[in-house]
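As a plain string of letters, each chain reads:
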Amino acid sequence: MKRTIFSWIFPLLVLAVLTLPGCSAKSAATAEDFQQAAESVGYTVEEQDSGDIVSIHMATKDDSAIVFYVCNSEQEAKTALTNLRSNLPEDIDPEHVDSSYYARYTGENDESYYSLIRMGDTVLAAAVELSEKENVQSVVSELGY
């Protein structure tokens, strides 16, 4: 009987130890993280005048741009994301994920790829030619967004 219980519990404990560390909460990237990720796929990054928010970093390459906003609060980031989402072209019906800490809207039309992501007090916004879609996805992946 002891051997049977042990043979069930031990594999469950091993499985829990191996999978639970992967369930840790995502954390927002920094402007430096964004700059490094964007430059790694050939974008040039410049800090912009940020007005009332903490910082704005714009990555550009040809006619494509990725912008990373660091806001003063999660609520400010939510407002920024709502404003950006309302400016998407009408022919875009974005796929979306939305929670209290994280939101993502992605979509494309015949010419462009759009990605809007909010994590915590940061927002990543991309409007790029379709040929740059993989580069944006690489930046997003590197940031853990």
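Look up: the structure comes first, before these words.
On a predicted model such as this, the values are computed, not experimentally measured, just so you know.

A.B. asks: A description of the pairing of strand β4 (residues 95–98) should follow, citing residues and the corresponding values.
C.D. replies: Summarising the sheet, β4 and strand β5 (residues 102–108) pair through four bridges and their orientation is antiparallel. Each bridged residue has a counterpart across the sheet, and for V97 the counterpart in β5 is R104.

A.B. asks: Please set out unusual backbone geometry residue by residue, giving values where relevant.
C.D. replies: Backbone geometry at D62 places phi at a positive 55°, although glycine is not the residue there. Within the secondary structure, D62 sits in the loop between β2 (55–61) and β3 (64–70).

A.B. asks: Can you lay out the sheet that holds strand β1 (residues 44–48) for me, pointing to particular residues and giving the numbers?
C.D. replies: Taken in spatial order, the seven strands of this open sheet run β1-β2-β3-β7-β6-β5-β4, and their pairing is antiparallel. Whereas interior strands pair on both sides, the edge strands pair on one side only; in this sheet they are β1 and β4. Within this sheet the neighbouring strands show an average axis-to-axis angle of 10°, counted without direction. In the sheet, strand β6 (residues 112–119) pairs with strand β7 (residues 122–129) via eight bridges, with the strands oriented antiparallel. Across the sheet, the residue bridging to S112 is E129, located in β7. The strands touched by helix α3 (residues 74–86) within the sheet are β3, β5, β6 and β7, with β6 carrying the most contacts at an inclination of about 165°.

A.B. asks: Tell me what's going on with the environment of E39, and back it up with residues and numbers.
C.D. replies: Within the secondary structure, E39 sits in helix α2 (residues 31–39). Taking relative accessible area as the criterion, E39 reaches 41% and is therefore assigned partly exposed. As a C-alpha pair, E39 and V139 span 100 residues in sequence and 9.1 Å in three-dimensional space.

A.B. asks: Explain the pattern of salt bridges to me, and be specific about the residues and the numbers.
C.D. replies: By the definition in use, this model includes two salt bridges. Between E132 and K61 there is a salt bridge whose closest N-O contact spans 3.4 Å. A residue pair is termed long-range when its members are at least 10 positions apart, and E132 in the loop between β7 and α4 (133–143) and K61 in strand β2 qualify at 71 residues. A single burial state applies to E132 and to K61, both of which are buried. For E108, the salt bridge is made with K133, and the minimal N-O distance between the two is 2.7 Å. Taken together, the residues span a long stretch of sequence, with E108 in strand β5 and K133 in helix α4 at a distance of 25 residues. On the accessibility criterion, E108 (38% relative accessible area) is partly exposed. Owing to a relative accessible area of 25%, K133 belongs among the partly exposed residues under this scheme.

Rules used throughout
Residues numbered from 1 in each chain as written. Predicted model: local features only at pLDDT ≥ 70, side-chain atom pairs only at ≥ 80, totals over all residues. Heavy atoms only, no water. Pairing = 2+ DSSP bridges. Helix = DSSP H or I, 4+ residues; strand = E, 2+ residues; numbered from the N terminus. Axes fitted to C-alpha atoms, helices over the stretch in contact; angles between N-to-C directions. Contact = heavy atoms within 4.5 Å. Buried < 20%, exposed > 50% of the residue type's maximum accessible area, 1.4 Å probe, protein only. Salt bridge = Lys/Arg side-chain N within 4 Å of Asp/Glu carboxyl O.

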